[in-house]
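# Report on the structure
Residue-level listing of the chains:
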Amino acid sequence: MFEAQLIVDRDFSVAPLDRRLFGVFVEHLGRCVYNGIHEPGHPTADEHGFRGDVAELTRELGATIVRYPGGNFMSGYNWEDGVGPKDQRPRRLDLAWFSTETNQVGTHEFMAWCRKVGIEPMFGVNLGTRGPDEARHYLEYCNHPGGTALSDLRRSHGAEEPLGIKFWCLGNEMDGPWQICQKSPEEYGRIAKETAKLMRWVDPSIELAACGSSAYDMPSYGAWEDRVLEHCFEFVDYLSLHSYFVKPPADTSTESFLAQIETNARYIEDTVAIADSVATRKRSTKRLKLSFDEWNVWYRARHGEHLKQAGWPEAPPLLEEVYTAEDALLIGGMLTMFMNHADRLKVACMAQLCNVIAPIMTEPGGAAWRQTIFHPFAQAARWAHGEVLRAVVKSPGYANTRHGELPYLCASVVDDAARGQTAVFLLNRSLTDEMDLSITLRGLGLARELVKAEQLHSTDLDATNTADAPERVAPQALDGIAIEGEQLRVKLRPASWNVIVTKAVRA
Ligand code: AHR
């Protein structure tokens, strides 16, 4: 057992939390769309073929925004293929995932699914094989009220009212050699600028995200951001970050795995520094926002099987990572880190939602269940509302080769003044020792009562949830919390992710 402290003060705020930090991602990839969220023959399917059980789990997950239709898929996608009568839609080779795309789900079906689950759409335009002309046409089709060929085409497809899609990604991972029509930073920066310009002329109310490098460890990282922003800084609102957490064979320790929280914090801070240096060069006071629009653990189902497959299958099982209790700890820690960067990080999308590196898994014709990583995401999405307060952590820690000494405790605190409720999110990274934690919530009301306290902990860090044991790793009550004035005292189990929500008692 060791002692640690967490101190926050009502007056020391990071920023209001943007609820779009709890976004997800749905790509036409493997069984994410087809045989995932969409399975017409399934007993729970609705009139559009969307599974009711997956929709229900998505609501429970609490996701607020969903990126669509890719990913790499986006860079070869023709949006026109996915609208109009379904029996006239073309089947196409998808060169991103070497699959056959049937186009039975397109813009309108996906929007119907968004309405069903109550989630905001985030769409992307194809800046791989296509460009500004396609992008402005797609936006006109979606968002222009009517009276033009494209907006009237949408109306003829049954959507009288504009779809009102606000958030648009300008392509995907354009620096990646795997991308359909990879671009140099100069090529992409120019095209992103011109596309943004045209799109804003069509609909000035939209928000636009430019592609950052596809990963922090890409050789292009840094120079890419700088060069791209040199072209399009004034024209975009967000810069994207993507990160998949791995376990290198040379170091498979849980301690190093969990140190990726700090690596990604540095990724955010370095990206902010680059964006601000471009602002300085341009004599601009604008502060670009960040969209971490792909993130998750992904290292098991990574190599080989998504390379060229024989026969161009429809919706083959690809990237079906089975998550462990250890992965859930990293996801929880990442969420605390995201919250603590709420001043510049406004959007984040867990990649992806269903079957493909996903919190929700399905069996065709059968069950849908929550993977381990579902739980920290759902807890954070449910309880984090309001203002992120600066979390001061005093905790012993461990040595890490990349980051030096790291505290065992990772924490974030979000205060919902409207409800008088404060949520505290805690990761104990010690694998062996219980943490005796004192939490001081200064200035948030003297007498407090408990609203919710849960822990996610498994003695077996390799434990997984499967169709036949879907609840093996699930939150349990966190007992023994002592509250005295503005002070809470609790013992956190080793290797555990915890949520404590308290409320100021009104006199
Ligand atoms: O999420 C899977 C893939 O990872 C996406 O299509 C791509 O953007 C990234 O490389």
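All of the points below concern the structure found in this document. (Residues numbered from 1 in each chain as written. Predicted model: local features only at pLDDT ≥ 70, side-chain atom pairs only at ≥ 80, totals over all residues. Heavy atoms only, no water.)

This part is about the packing of aromatic side chains. Taken as a whole and judged by the stated rule, the model has 26 aromatic pairs. When the centroid spacing of 5.4 Å and the interplanar angle of 55° are considered together, the rings of Y68 and F123 count as tilted. Here F123 lies in strand β7 (residues 120–125) and Y68 lies in strand β4 (residues 65–68), a separation of 55 residues in the sequence. There is no split in this pair, since Y68 and F123 are both buried. Ring centres of Y398 and Y408 lie 5.7 Å apart, and the angle between their planes is 25°; this geometry places the pair in the stacked category. With Y398 in strand β17 (residues 397–400) and Y408 in the loop between β18 (404–407) and β19 (409–416), the pair connects residues that are 10 residues apart, well separated along the chain. The residues Y398 and Y408 share a single accessibility class, namely buried. (Phe/Tyr/Trp six-rings, centres within 6.5 Å; stacked < 30°, edge-to-face > 60°. Helix = DSSP H or I, 4+ residues; strand = E, 2+ residues; numbered from the N terminus. Buried < 20%, exposed > 50% of the residue type's maximum accessible area, 1.4 Å probe, protein only.)

Here we come to the sheet that holds β7. Strand order in the closed barrel formed by eight strands is β3-β4-β7-β8-β9-β10-β11-β12, with parallel pairing between adjacent strands. Pairwise comparison of adjacent strand axes, ignoring direction, gives a mean angle of 30° for this sheet. (Pairing = 2+ DSSP bridges. Axes fitted to C-alpha atoms, helices over the stretch in contact; angles between N-to-C directions.)

For soluble globular proteins, the rule of thumb is that nonpolar side chains tend to be buried together. Formed by 169 residues in total, the largest nonpolar core has its most connected members in W168, Y188, W295 and F338. Considering each element in turn, this core owes the most residues, 10 residues, to helix α9 (residues 325–340). In contact with Y188, not counting residues within four places along its chain, are L127, L170, M174, K183, A210, C211, W224 and V228. (Core = buried A, V, L, I, M, F, W, Y, C linked by side-chain atoms within 4.5 Å. Contact = heavy atoms within 4.5 Å.)

Counting buried residues along strand β10 (residues 238–245), eight of its eight residues qualify, which places the element largely inside the surrounding structure. Of the two faces of β10, the one lined by Y238, S240, H242 and Y244 and the one lined by L239, L241, S243 and F245 are each fully buried. The pairing of β10 with strand β11 (residues 289–297) spans seven bridges and is parallel. Note on β11: the bridge partner recorded for Y244 is N296.

Where helix α6 (residues 223–232) contacts helix α8 (residues 260–281), the two axes come as close as 9 Å, and the packing angle between them is 40°. Considered as vectors, α6 and α8 are oriented oblique to each other. Here α6 runs over α8; the crossing is right-handed. The segment α6 lies against α8, with E225, D226, R227, L229 and E230 engaging I274, A275, S277, V278 and R281. (Parallel < 35°, antiparallel > 145°, perpendicular 65-115°, else oblique. Left-handed = near helix turned anticlockwise from the far one by under 90°.)

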